[in-house]
Amino acid sequence: MSSTTTMKKPKRPCSIFNLFYQLERERLLHERVPDRARDRRREIESNPSFSLSTDQSLRPPRYRHLVLRENWYKSGVNHRAHRKSIMPVGFFEFNKMVSASWRE
C-alpha cells in the first residue's frame, strides 16, 4: 500500500445502550415538547436526503409512536449541523431519567 492512500476504519455499530439512549431521548422530547412530532416530521421531510422511518413495527411498543428518520440507528451518519438543544430539562436530570428507564 502506498503512503498516499489511507484506509479508514469501518464505523462500529451502535451498542444496545446507544440505541436505547437515542430512542429514550426522542421519547422524552415527544412527551415534554409540544408539537415535537410535527416539527420532527417537517424537519425530516424538508431535507431531500432524509426520509421517514418505516420500522415502527420492529421497535419496542414504547417507541413505536416516535417520528424518526430512516436508518436512525446507523452509526457515523451526519444528521444535521449542531444546534442548541431543546431539552426541557437539564443534562443531569435527563441522564437520571434515562438511567432509571435503563434499569426497568
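Residues numbered from 1 in each chain as written. Predicted model: local features only at pLDDT ≥ 70, side-chain atom pairs only at ≥ 80, totals over all residues. Heavy atoms only, no water.

For the rest of this paragraph, the subject is helix α1 (residues 16-32). Between its first and last C-alpha atoms α1 spans 24 Å; for 17 residues at 1.5 Å apiece the expected length is 24 Å, and the two agree. Looking at the packing, one finds that the buried side of α1 touches α2 (36-46) and α3 (91-103). (Helix = DSSP H or I, 4+ residues; strand = E, 2+ residues; numbered from the N terminus. Expected span 1.5 Å × (residues − 1). Contact = heavy atoms within 4.5 Å.)

Inspection of the entire model under this criterion finds 10 salt bridges. Notably, a salt bridge pairs Glu26 with Arg36, separated by 2.6 Å at the nearest N-O pair. Taken together, the residues span a long stretch of sequence, with Glu26 in helix α1 and Arg36 in helix α2 at a distance of 10 residues. With respect to class, Glu26 is no different from Arg36; both count as buried. In this structure, Arg38 and Asp35 form a salt bridge, with 3.0 Å as the shortest nitrogen-oxygen distance. A relative accessible area of 46% means that Asp35 is categorised as partly exposed. One salt-bridge network, in which partners are shared between bridges, spans Glu24, Arg27, Glu31 and Arg62. (Salt bridge = Lys/Arg side-chain N within 4 Å of Asp/Glu carboxyl O. Buried < 20%, exposed > 50% of the residue type's maximum accessible area, 1.4 Å probe, protein only.)

By the secondary structure assignment, Tyr21 is in helix α1. Counting along the chain gives 77 residues from Tyr21 to Val98, while the straight-line C-alpha distance between them is 7.0 Å. Once you skip the residues sitting within four places of it in the chain, Tyr21 turns out to touch Phe91, Phe94, Asn95 and Val98.

Below, the discussion takes up the nonpolar core. In globular proteins that are soluble, nonpolar side chains generally tend to be buried together. Counting residues in hydrophobic clusters, the biggest one holds 9 residues: Phe20, Leu23, Leu28, Tyr63, Leu66, Leu68, Trp72, Phe94 and Val98. At the level of elements, α1 and α3 are the ones that each hand at least two residues to this core. Ranked by the residues each element gives to this core, the list is headed by α1, at 3 residues. (Core = buried A, V, L, I, M, F, W, Y, C linked by side-chain atoms within 4.5 Å.)

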